[in-house]
Amino acid sequence: MKKTSFLCGTVLAGSLALCACSSYQPTKNAWKTTKDLWYTYVSVPAKVDYSEKGDLSPRAMALSTCMMGIDVELSRFERTMMNADRAPTREWLDKLFADYPWVSGFAGVKYDGTLLGHEPGPSLKNLDFIPLLYEDKKQNSRALRGYVQQSPLGPEVMLAAPLYDGMDFLGVVVAHFDMRELSRFSSSPEDLVILSPAALLWPGKYDFAATPLAGVDWETVARKSTSGTCTNDRGSFYYQVRYLGNLPLIFAVVESGSFPEGNGDVNQGTPFFPQITEKLPPPPQPERKQKEEDAAAPATPQFGVSEDTLDPLSAADAEIRATQQPHDIQPGSEQSVLEPGKPAPARKSGVQERALEGENVQVRRPQRRRLHIPDEALEVPDMPKPEPQPTVQMPSPFGPRSARPAESTGEADAAPAETRPADAQNAGQDAAAPAPEEKAAPAPAEKSAPAQAPAEQPAAAEEPARPATLPGGRPSPFGPRS
């Protein structure tokens, strides 16, 4: 510790000296020098030694060889039980016994101790599953629970998976087996001894009373160490603890010495383990409020029912549950929003929320009342019809219509094109000085007179003294015609 503190002080002093003495040197170069000193003397980078093989000791190698096959089977079995979080069907139970032929049976137990079902029938060992209903405070409430029960026919190992509905505890599903059936997966089962804090599970070829494993408080030893050595005047055993759920299993092999052989009976270890005579009552559980959707469901879960007897929705749901989470909404369920026209029912959460206190309390404001207006008040009375407004007739800028509009229109269209521009050019002159002939007849009547064709005009040329006039009585601006 003193050496490390000295090196740290040296590095910091050197970095300060570099920064102070080399004011012209960039800060980046000073930091590079500081890093080199740090990784050279203070924090040396780690290196991997690939030549190190990590060889085990002879006692650890012997124990690993003996328990490897059993450990593989237990690991597979634990993964299967972790997924057993619902009432099993007949197909699921058949697959369980086919994959693990060393399993003795499978049972479902309600939270009050009621046995819901047992496959493949009642056990001859008269098993008591109530201790598995108690939660271990040192582990997660949904973790696997292990237990060993002693019986005249030999100890039975149990592994249970708890079932929950939200925060409500429903019960457990339990699989039990005899360690003597599982010991055949070991490469040399005669050299291996398996025990638990409650019973001797497999004695191997040894007389258990003559081994240093007898008379040890394994409950205390398993809490303090995971491996070690037990010694007596005959020799020593090397042991290692392997947990099955929260149940410690102790595997041991001979490290040195020689021990007498026994008859292989597991009951020879009964005097060295505590005997439990009193049966535990079911653990107290808070009263559960039955939900509306649970009212139509059966009082107890169906245990070991074939999938063919289930409704089509449940059968399809059971097929895809193996690859999906238990709380996922399945297609076609009541909570699915994929069905058009079917609103999702409102469900209350099963999680009990604690009441907020202090500043976290949400102030609920009183709801505003809506003003109710009767329909009679919304009716609008009939409005009086508006009077027709008088129409104003403007005088026509073209004067009164002639008596024969059709004839005048035809004559005007038949007039020669030479007279029309002349009338347009003399429009300004006629307005200033009206012709004397306008008093004889009105202008509209004169306009409606038929125009003479150019071929008939020589008759007017016989009177040279009379000036030529245009239609309407106006004098021609070009003078008399020749």
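Structure shown above.
Scope of this entry: the structure provided in the associated data block.

Basis of the calculations
- Residues numbered from 1 in each chain as written.
- Predicted model: local features only at pLDDT ≥ 70, side-chain atom pairs only at ≥ 80, totals over all residues.
- Heavy atoms only, no water.
- Helix = DSSP H or I, 4+ residues; strand = E, 2+ residues; numbered from the N terminus.
- Buried < 20%, exposed > 50% of the residue type's maximum accessible area, 1.4 Å probe, protein only.
- Contact = heavy atoms within 4.5 Å.
- Areas by Shrake-Rupley, 256 points an atom, 1.4 Å probe, with all protein chains shown as cover.
- Pairing = 2+ DSSP bridges.
- Axes fitted to C-alpha atoms, helices over the stretch in contact; angles between N-to-C directions.
- Salt bridge = Lys/Arg side-chain N within 4 Å of Asp/Glu carboxyl O.
- Core = buried A, V, L, I, M, F, W, Y, C linked by side-chain atoms within 4.5 Å.

## Section: the overall build of the chain
Then, number 1: Within the chain, the regular secondary structure consists of twelve helices and ten strands.
Then, number 2: When the 482 residues of the chain are sorted by exposure, 28% land in the buried category.
Then, number 3: For the chain, the share of sequence-separated contacts (at least 6 apart) that also reach a separation of at least 24 residues comes to 58%.
Then, number 4: Here the chain displays about 34100 Å² of accessible surface, and carbon together with sulfur accounts for 55% of that area.

## What to know about the pairing of strand E8 (residues 227-231)
Working note: regular strand, side chains alternate between the two faces of the sheet.
Then, number 1: Only one face of E8 is buried, namely the one carrying Gly228 and Cys230, since none of Ser227, Thr229 and Thr231 on the opposite face is buried.
Then, number 2: Two elements, E8 and strand E9 (residues 235-244), share five bridges in a ladder whose sense is antiparallel. Looking across to E9, one finds that cysteine 230 is bridged to phenylalanine 237.
Then, number 3: Between E8 and E9, which pair antiparallel one after the other, the connecting turn spans three residues.

## A few points about the sheet that holds strand E5 (residues 168-177)
Then, number 1: Taken together, the five strands give an open sheet; going across it, the order is E2-E1-E5-E4-E3, and neighbouring strands pair in antiparallel fashion. Here the strands that pair on one side only, and so sit at the sheet edges, are strand E2 (115-119) and strand E3 (145-149). Sheet twist, expressed as the mean angle between neighbouring strand axes with direction ignored, is 20°.
Then, number 2: The strands touched by helix H3 (residues 58-82) are strand E1 (103-110), strand E4 (156-165) and E5; relative to E5, the strand with the most contacts, the crossing angle is about 155°.
Then, number 3: Lying over the sheet, helix H4 (residues 90-99) contacts E1 and E2, oriented at roughly 145° with respect to E1.

## Describing the pattern of salt bridges
Then, number 1: Evaluation of the coordinates by the stated rule reveals 13 salt bridges.
Then, number 2: When the shortest N-O distance is used, the salt bridge between arginine 76 and glutamate 73 registers 3.0 Å. Residue arginine 76 and its partner glutamate 73 are both found in helix H3; the two are separated by three residues, about one turn of the helix.
Then, number 3: Under the relative-accessibility criterion, arginine 76 is labelled partly exposed at 27%.
Then, number 4: Here aspartate 178 and lysine 125 are joined by a salt bridge, their closest N and O atoms 3.2 Å apart. Of the two residues, aspartate 178 sits in the loop between E5 and helix H5 (179-182) while lysine 125 sits in the loop between E2 and E3, which places them 53 residues apart along the sequence.
Then, number 5: For lysine 125, a relative accessible area of 14% gives the class buried.
Then, number 6: Where salt bridges share partners, they join Lys125, Glu156, Asp178 and Arg180 into one cluster.

## A look at the nonpolar core
Then, number 1: Grouped together as the largest cluster of nonpolar side chains are 37 residues, with contacts concentrated most on Phe77, Phe177 and Met179.
Then, number 2: A total of eight residues in this core trace back to one element, the largest contributor, which is H3.
Then, number 3: Setting aside chain neighbours within four positions, we find phenylalanine 77 in contact with Leu96, Tyr100, Trp102, Val103, Leu159, Ala175 and Phe177.
Then, number 4: With 16 residues, the next largest nonpolar core counts Leu200, Tyr239, Ile250 and Ala252 among its residues.

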